[in-house]
Amino acid sequence: MTYLDVRMPDVTTDVDDTYMCFGLPLNVKTTSYVVGMALLGNKSRIHHIGGVICDDTPIVGRAWECKGKPACKKGGVALWGWTKRGDNADKWFLPDDVGVPVGEETAYRYVAIGIHYANKMKDGETDDSGIRVYFSNKKHPYQAGLLMMASVGYIPPYTEAFHADIGCVWSEEDTLEIISFKVHTHEHGHLVVGWRVRNNTWLEIGRMDPRINQSYLKPGSQGMEIRKGDTVVVRCVLENDSNKRINFDHSDQDEMCNLFLLFKYMPKHPLEPFKAINCGSNAQTIDLSKEFDTLPVFLNKTFP
């Protein structure tokens, strides 16, 4: 196994909530497989960091501000990230039979990192945090991808238990097997739960209090698959004790409701890895009772 360290080139920030990206070519001639990533850097300085395998990056050789913008030029596979809130894992690896192909014969030849700096740095202060990317020359039969679920909208003022729901139908032909799940909110989140719904049968993927753990976790049922026509449903439970609404957005003062599903699948074309898939719902308009004939008891509760 080999690795490549991708670090920010001693960047600095002069305002709060700055997002910086940096990319490098992989320079891999023979097809290799990305099998893991690890955090390098200053945990006290970064809010969160993500690693992405890219077709190309908008800029090579220097960092750029990327708030609300993709780190890749056209497409990529976002595999792993670390956040300061409840993330207990500094290192992460795929199962032995899973990898992401990279190299000159594949769609992906670059790696990029994105870092959210919640607070501006002091005069003269810089940061070189990054990610170590691990590679294997062994051929892996399954490839990895990431499904990210997110809420838009807001949490109303003085709300003890606001429910932000998300519902997304899987319409692709590929069958996905969930490897692990990861939840993410900011300080107002109390619980995130995910389900797979098939023929009105609800099967829980997993649940976690984001104040306790925001690392990748095993799903409730091993070998759980998502097939064409299945719906993935998420509920975040959040509170807002202030007199102002809190938006779902990117800054540290905003809130987030996210469920990440890391999956493996058997590709039709061995060197064509899956692109990251994003799906979201508006917390103010979604109504699960109109989408499904039956709901689990949990969704009918005021507070779980």
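Quantities reported herein were computed from a predicted structural model and do not represent experimental measurements. (Residues numbered from 1 in each chain as written. Predicted model: local features only at pLDDT ≥ 70, side-chain atom pairs only at ≥ 80, totals over all residues. Heavy atoms only, no water.)

Student: Please explain the packing of aromatic side chains as it appears in this structure.
Tutor: Any two aromatic rings considered together are summarised by their centre-to-centre distance and by the angle between their planes. For the structure shown, the criterion picks out six aromatic pairs. Pairing Trp 195 with Trp 202 gives two aromatic rings, centres 5.7 Å apart and planes at 80°, and the pair type is edge-to-face. Comparing Trp 195 with Trp 202, the two get one shared label, buried. Through a chain of ring-to-ring contacts, the aromatic side chains of Tyr 3, Phe 93 and Tyr 134 assemble into a single cluster. Taking NZ or CZ as reference, Lys 264 lies 4.4 Å from the ring centre of Tyr 142, over its face. (Phe/Tyr/Trp six-rings, centres within 6.5 Å; stacked < 30°, edge-to-face > 60°. Buried < 20%, exposed > 50% of the residue type's maximum accessible area, 1.4 Å probe, protein only. Lys NZ or Arg CZ within 6 Å of the ring centre and 35° of its normal.)

Student: Whenever I open this one, the layout of surface pockets confuses me. Can you help?
Tutor: The space that makes up the largest pocket amounts to roughly 1300 Å³. Forming the boundary of the largest pocket are 49 residues, of which His 48, Ala 78, Met 148, Phe 260 and Asn 278 lie nearest the centre. Of all the elements in the fold, those that place two or more residues in the lining of the largest pocket are strand E2 (18-25), strand E4 (48-54), strand E6 (76-83), strand E9 (110-117), strand E11 (142-152), strand E14 (176-185), strand E20 (257-265) and strand E21 (277-282). It is E6 that contributes the most residues to the lining of the largest pocket, seven residues altogether. Every residue lining the second largest pocket is listed: Pro 95, Asp 97, Glu 177, Ile 178, Ile 179, Lys 218, Pro 219, Gln 222, Gly 223 and Lys 264. Counting residues per element, the lining of the second largest pocket draws most heavily on E14, at three residues. For the lining of the second largest pocket, the residue count by class is four nonpolar, two polar and four charged. (1 Å grid on protein atoms, 1.4 Å probe; cavity = no way out; pocket = protein on both sides within 12 Å on 5 of 7 lines; lining within 4 Å. Points joined across faces, edges and corners; volume = space filled by probe spheres on them. Helix = DSSP H or I, 4+ residues; strand = E, 2+ residues; numbered from the N terminus. Nonpolar A, V, L, I, M, F, W, Y, C, P; charged D, E, K, R; others polar.)

Student: What is the right way to read the state of the cysteines from this model?
Tutor: Disulfide: a covalent bond connecting the sulfur atoms of a pair of cysteines. Per the stated rule, a full pass over the model turns up four disulfides. There is a disulfide in this structure between Cys 168 and Cys 279, and the S-S distance comes to 1.4 Å. Of note, the bridge from Cys 168 to Cys 279 carries an S-S torsion of about -100° and is left-handed in sense. Of the two residues, Cys 168 is situated in strand E13 (residues 159-169) and Cys 279 in strand E21; the sequence distance between them amounts to 111 residues. Here Cys 236 is linked by a disulfide to Cys 257, with a sulfur-sulfur distance of 2.0 Å. What sets the handedness of the Cys 236 and Cys 257 disulfide is the S-S torsion sign, and at about 85° it is right-handed. Placement of Cys 236 in strand E18 (residues 231-240) and of Cys 257 in strand E20 is noted, with a sequence separation of 21 residues between them. By the burial criterion, Cys 236 is buried, and Cys 257 matches it. Each bonded cysteine of the protein is numbered by sequence order, and under that numbering the disulfide pairs are 1-3, 2-4, 5-8, 6-7. (Disulfide = S-S within 2.5 Å.)

Student: Quick question: what am I supposed to make of the sheet that holds strand E15 (residues 189-198) here?
Tutor: Hydrogen bonds between backbone groups are what pair the strands of a sheet, and the pairing can be parallel or antiparallel. Strand order in the open sheet made by the four strands is E13-E18-E15-E16, with antiparallel pairing throughout. One side of each edge strand has no neighbouring strand; the edge strands of this open sheet are E13 and strand E16 (201-208). Averaged over all neighbouring strand pairs, the angle between strand axes comes to 20°, with direction disregarded. In this structure, E15 lies alongside E18, joined through eight bridges in antiparallel fashion. Opposite Gly 189, over in E18, you have Leu 238 as the bridge partner. (Pairing = 2+ DSSP bridges. Axes fitted to C-alpha atoms, helices over the stretch in contact; angles between N-to-C directions.)

Student: What is the right way to look at the nonpolar core in this model?
Tutor: Considering soluble globular proteins, one finds that nonpolar side chains tend to be buried as a cluster. Ranked by internal contacts, the top residues of the largest apolar core, which has 38 residues, are Met 8, Val 34 and Leu 79. Contact partners of Val 34, with chain neighbours within four places excluded, come to Ile 53, Leu 79, Leu 94, Gly 99, Val 100, Val 102, Val 133, Tyr 134 and Phe 135. Within the second largest apolar cluster, 32 residues are counted, among which are Ala 164, Trp 170, Leu 238 and Ile 246. (Core = buried A, V, L, I, M, F, W, Y, C linked by side-chain atoms within 4.5 Å. Contact = heavy atoms within 4.5 Å.)

Student: Sorry if this is basic, but what is going on with the sheet that holds E9 here?
Tutor: With respect to topology, five strands assemble into an open sheet ordered E5-E2-E9-E4-E6, the strand pairing being antiparallel. In the strand order of this sheet, the two ends are held by strand E5 (64-65) and E6, each with one partner. As defined by bridge partners, E4 adjoins E9 across seven bridges and the pair is classed as antiparallel. From the neighbouring strand, Cys 54 faces E9, where its bridge partner is Tyr 110.

Student: Looking at this model, I keep getting lost on the environment of Phe 22. Mind explaining?
Tutor: Note on placement: Phe 22 falls in strand E2. We classify Phe 22 as buried; its relative accessible area is 6%. Sequence spacing of Phe 22 and Val 11 is 11 residues, and the spatial spacing of their C-alpha atoms is 10 Å. Beyond its immediate sequence surroundings of up to four residues, Phe 22 is in contact with Val 6, Arg 7, Met 8, Pro 9, Gly 61, Arg 62, Ala 63, Trp 64, Val 111, Ala 112 and Ile 113.

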